[in-house]
Amino acid sequence: MTQSWVQFAAETENPLVPPWPELVIGLIAFVIVFGFLAKKLLPNINKVLEERREAIEGGIEKAEAAQTEAQSVLEQYKAQLAEARHEAARLRQEAQEQGATLIAEMRAEGQRQREEIVAAGHAQIEADRKAAASTLRQDVGKLATDLAGKLVGESLEDHARQSRVIDRFLDELEEKAEAAR
């Protein structure tokens with residue numbers, strides 16, 4: 001019966017439950033390894049994790065600062081761009097005004113030059129007309145004197161009388177021409 005009991009006990013032992021001595025040795029080894037890890041390795045792991053957390057938080061803070069700075073720079077660039085556009089519009093307006101002023105000045109100068117040319121032309125025409133009238137008077141006077149001298153049969157060489165007769169004759173012609181207009 002003793003043998004059957006040992007056999008029965010061996011057969012009834014659960015293969016999943018280790019024997020007590022192995023369980024105690026395994027538990028002691030686990031506590032030693034766990035203690036070693038808790039004393040030596042866990043502080044290093046916590047230190048590395050803390051450094052990593054600080055680096056991440058610092059990186060986030062740096063990123064936020066960089067983003068804030070980038071936003072500030074963007075605002076400055078937008079302000080500068082708006083100012084440059086405003087300045088360009090002002091310069092364009094100023095150039096248009098200067099162009100309009102220059103065109104007006106050139107037109108005024110052209111008008112003045114045209115008026116000078118027209119006035120000079122009128123003065124030249126008037127001078128030419130007077131010269132032609134004077135030459136015509138002399139020629140008509142000479143012809144009239146010669147003709148009158150031939151009709152009368154005497155020479156009418158008295159220059160003063162000749163000039164008066166010619167002037168009176170031409171003045172009468174001019175009066176008739178003006179009355180006909």
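Placed above this text is the structure.
Overview of the structure. (Residues numbered from 1 in each chain as written. Predicted model: local features only at pLDDT ≥ 70, side-chain atom pairs only at ≥ 80, totals over all residues. Heavy atoms only, no water.)

1. Quick word on the overall build of the chain
Next up, step 1: Of the regular secondary structure elements, the chain holds three helices and zero strands.
Next up, step 2: Here the chain displays about 16300 Å² of accessible surface, and carbon together with sulfur accounts for 62% of that area. (Helix = DSSP H or I, 4+ residues; strand = E, 2+ residues; numbered from the N terminus. Areas by Shrake-Rupley, 256 points an atom, 1.4 Å probe, with all protein chains shown as cover.)

2. Topic: the environment of glutamate 87
Next up, step 1: Within the secondary structure, glutamate 87 is located in helix H2 (residues 20–152).
Next up, step 2: According to the relative accessible area criterion, glutamate 87 is partly exposed, its value standing at 33%. (Buried < 20%, exposed > 50% of the residue type's maximum accessible area, 1.4 Å probe, protein only.)

3. Remarks on a nonpolar patch on the surface
Next up, step 1: Taken together, the side chains of Val33, Phe36, Leu37, Leu41, Leu42, Ile45 and Leu49 present a nonpolar region at the surface, about 610 Å² in accessible area.
Next up, step 2: With respect to the element layout, leucine 37 can be found in helix H2.
Next up, step 3: Classification of leucine 37 by relative accessible area gives partly exposed; the value is 34%. (Patch = residues over 30% accessible without salt bridge, like charges linked within 9 Å, V, L, I, M, F, W, Y side chains within 5 Å. Salt bridge = Lys/Arg side-chain N within 4 Å of Asp/Glu carboxyl O.)

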